[in-house]
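# Structure at a glance
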Amino acid sequence: MVSPTDVKVYVEQLKPEVFGFENINSVEINQLPQGLWNFNYVVKINGEKFVFKIYSPNIPELLFGNKGKDESVALNVIKDLQIAPEPIHFEYSHLLEKEVLIYRFVEGSQLLSFSNSVIEVVAKNLAKLHALDISKIEDLPRKKETMHTLITDIISTFEKCNKLNIDKNELNLFRNFVEKAKKYVDSESEIEHPSVLVHGDLAPCNIIVENDTLKIIDWQRPTLTDPAFDVWAFVEDAFVRWDLPEALSEGQKKLFIETYSSLVNDPTILERVKKKSSLYYLNVGLYCLMRYTEYESGQISPERTKGKEHLWKKYNIVKDVCVEKLKERSTFKVPAVTN
Ligand SMILES: Nc1ncnc2c1ncn2[C@@H]1O[C@H](COP(=O)(O)OP(=O)(O)O)[C@@H](O)[C@H]1O
Ligand SMILES: [Mg+2]
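Residues numbered from 1 in each chain as written. Chains lettered and ligands numbered in written order. Predicted model: local features only at pLDDT ≥ 70, side-chain atom pairs only at ≥ 80, totals over all residues. Heavy atoms only, no water.

This part is about the side chain of Thr259. You can see Thr259 is positioned in helix α8 (residues 250-263). In this view, Thr259 contacts Glu120 and Ala123; residues no more than four positions away in its chain are not counted. (Helix = DSSP H or I, 4+ residues; strand = E, 2+ residues; numbered from the N terminus. Contact = heavy atoms within 4.5 Å.)

Okay, here's the thing in structure tokens:
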């Protein structure tokens, strides 16, 4: 736990130049909505607002990443695109014994509903991100993502689930999906993908909107890989349902896809999203099943779950969304599970 008092002590030992000030005259600290893993504060220094994101120690096997260094590198690389907050400072703090990222606060609120204009702006911002020249970026993770690498990840997450105390019917349902997915991957041809900078966690809560402008936050999982994942995350139902009770309507999905694809030079993007979609649902569904089971069976320390129960329960909701989507798809139709 990092308390507001800890943050205050930390701020006061920073050099004022970090913020472009000669002196630090006033400091006011308020908590931001807390995520699952990190501690987020908004700190008003000399009347200007900054976000302090203090990372919990790196958690192994975290699909959505929590590397402060990567977030800091990503924010610096995309600075000129103006689609994300301005990074101010990053360091490992020996005082807090944690990584700390400081960036300028973005006025606005989390994306809670989708007007056509918001959808168009997200599509434009994402197209800008995916068009960025990455040839000089060396210090971000790089991953060639094929249907074969996806099925390998899926099998590995399934094996982890297999070791947990999961309801037999639920596990059988997923076992069946995995078997179907293996056959599907064997029968489909791969399509080469361009590698671009992918955000990787495009949930509505990571988009801050004010009027017609918006900024994307929470860059903990930047990867040089297939942009299909970001497009899928925004238009398909899993990430949206992490935050909102309803998915995008068919018309909204179409508007996003049309706007995005008219702005990028990626002729096979839609084909790749379509081909990989079920695999993404299965991967995310299994990951959510794993995390929710760990939470429910008390394997996550109370320090991480206390007061955040509503967040942990979201894993179960998204897992159900993924199951529903997989059941709808003909390649993944499974027979009714019997005891
Ligand atoms: N620049 C910002 N402007 C406004 N709100 C922010 C900003 N940065 C973070 N927040 C708020 O803090 C929350 C957590 O930040 P985020 O970077 O998404 O961390 P986490 O990894 O814990 O989800 C966000 O959901 C948002 O509500
Ligand atoms: Mg977040």
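Taken together, Asn206 (OD1) and Asp218 (OD) make up the protein donors of the magnesium ion (ligand 2), found 2.1 to 2.4 Å from the metal. A residue pair is termed long-range when its members are at least 10 positions apart, and Asn206 in the loop between β7 (196-198) and β8 (207-210) and Asp218 in the loop between β9 (213-216) and β10 (223-225) qualify at 12 residues. Overall, Asp218 belongs to the buried group, its relative accessible area being 16%. (Donors = N, O, S within 2.8 Å, 3.2 Å for Na, K, Ca; no water. Buried < 20%, exposed > 50% of the residue type's maximum accessible area, 1.4 Å probe, protein only.)

To continue, consider the domain arrangement of the protein. Partitioning the protein into structural domains gives domain 1 (4-105) and domain 2 (110-332). Measuring from the centre of the C-alpha atoms in domain 1 to the corresponding centre in domain 2 gives 26 Å. Across the boundary between the two partners, domain 1 contributes 32 residues, which contact 31 residues of domain 2. Together domain 1 and domain 2 conceal approximately 2900 Å² of surface at their shared face, both sides included; 63% is due to carbon and sulfur atoms. Of the charged contacts, one joins Asp218 and Lys53 as a salt bridge, the two residues approaching to 2.8 Å between their closest N and O atoms. The tally of links between domain 1 and domain 2 comes to seven residue pairs in polar contact (both at pLDDT 80 or more). If one sorts the elements of the side of domain 1 that touches domain 2 by residue count, helix α2 (residues 68-77) sits on top with six residues. Here the side of domain 1 that touches domain 2 is composed, by residue class, of 20 nonpolar, seven polar and five charged. (Domains from an automatic or database assignment. Buried area = accessible area lost by both parts, 1.4 Å probe. Salt bridge = Lys/Arg side-chain N within 4 Å of Asp/Glu carboxyl O. Polar contact = N/O pair within 3.5 Å; in protein donor to acceptor, adjacent residues only side chain to side chain. Nonpolar A, V, L, I, M, F, W, Y, C, P; charged D, E, K, R; others polar.)

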